[in-house]
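Chains, contacts and geometry: an overview
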Amino acid sequence: MDKDQKVSGETTSGPSYLSAVNWVKSYLSNRVQYTKINYVISDRDFVTSGVPQGSIFRPLLCMVYVNDQPESLDMRQCYLYADDTAIAVSDHHPQVIGNKLNQSLDTLTSSH
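Model, not experiment: these values are computed from the prediction. (Residues numbered from 1 in each chain as written. Predicted model: local features only at pLDDT ≥ 70, side-chain atom pairs only at ≥ 80, totals over all residues. Heavy atoms only, no water.)

**Concerning the environment of Ser104**
If you trace the backbone, Ser104 turns up in helix H5 (residues 94-111). Residues Ser104 and Ile87 lie 17 residues apart in sequence; the distance between their C-alpha atoms is 7.8 Å. (Helix = DSSP H or I, 4+ residues; strand = E, 2+ residues; numbered from the N terminus.)

**Description of the confidence of the model for the protein**
When pLDDT is averaged along the protein, the result is 75; 70% of the residues meet or exceed 70. Put simply, helix H1 (residues 3-8) is where the protein has its lowest mean pLDDT, 52, and strand E3 (residues 40-41) is where it has its highest, 94. (pLDDT = per-residue confidence, 0-100.)

**A word on unusual backbone geometry**
Among all residues save glycine, negative phi is the norm, and among peptide bonds the norm is trans. Even without being glycine, Asn30 reaches a positive phi, approximately 55°. Relative to the elements of secondary structure, Asn30 occurs in the loop between helix H2 (15-28) and strand E1 (31-33). With a relative accessible area of 67%, Asn30 lands in the exposed category. Its identity as a non-glycine residue notwithstanding, Asn38 has a phi of 55°, on the positive side. For Asn38, the position within the fold is in the loop between strand E2 (36-37) and E3. (Buried < 20%, exposed > 50% of the residue type's maximum accessible area, 1.4 Å probe, protein only.)

**Side note on the packing of aromatic side chains**
Within this structure, the stated rule accounts for one aromatic pair. Where Trp23 meets Tyr27, the ring centres are 5.2 Å apart and the plane angle is 15°; that geometry is what we call stacked. On the criterion of helical spacing, the pair formed by Trp23 and Tyr27 is a turn pair, its members being four residues apart in helix H2. By relative accessible area, which is 23% here, Tyr27 ends up partly exposed. Taking the ring centre of Tyr34 as reference, the NZ or CZ of Arg44 above it sits at 4.5 Å. (Phe/Tyr/Trp six-rings, centres within 6.5 Å; stacked < 30°, edge-to-face > 60°. Lys NZ or Arg CZ within 6 Å of the ring centre and 35° of its normal.)

**Looking at the environment of Pro52**
Along the chain, Pro52 falls in the loop between strand E4 (45-47) and helix H3 (58-66). Distance in space between the C-alpha atoms of Pro52 and Leu28 is 7.5 Å, their sequence separation being 24 residues. Excluding its chain neighbours within four sequence positions, the residues that come into contact with Pro52 are Tyr27, Leu28, Arg31 and Arg58. (Contact = heavy atoms within 4.5 Å.)

**Remarks on the side chain of Arg31**
By the secondary structure assignment, Arg31 is in strand E1. In this structure Arg31 is buried but unpaired, with Asp45 as the nearest side chain of opposite charge at 12 Å. One polar contact links the side chain of Arg31 to the main-chain carbonyl oxygen of Leu28, over a distance of 3.2 Å. Discounting residues that sit within four places of it in the chain, Arg31 has contacts with Asp45, Phe46, Val47, Ser49, Gly50, Val51 and Pro52. (Lys, Arg positive; Asp, Glu negative; His and termini not counted. Salt bridge = Lys/Arg side-chain N within 4 Å of Asp/Glu carboxyl O. Polar contact = N/O pair within 3.5 Å; in protein donor to acceptor, adjacent residues only side chain to side chain.)

Listed below in C-alpha cells is the structure:
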C-alpha cells in the first residue's frame, strides 16, 4: 500500500473512516512555513512533505508514512524512531559512502 492509499482511504470504506481520512488530509494540506530572526520574517512557502512538527499526532502520522521503509532497504542500515528515520552506511572512502546513501534514498523514493 503506498502513502496515497494510506491517506486516501482507497482500501477501506465507511462514513467514520472517510471522515477521519478527510480530517488527516486537511491536517496535512495547505501548510506554510517561514523563518523569523529577530524582527525579520522570511517569505512564506508551502510545505509539501513531512508531518507537522510539535503536534501530538506527529509520531503517529510519521509511523504511518515510514512503517514499511525498512522493507525496501537492508534492515541493518535503516533505523526508525518515533518521529524520524536514520540511514546508516559505512566505508573507508567518502565517495562510496555518498553513493551508498544516494542509492538508499533512491530506493526509498522509488518505493514510496
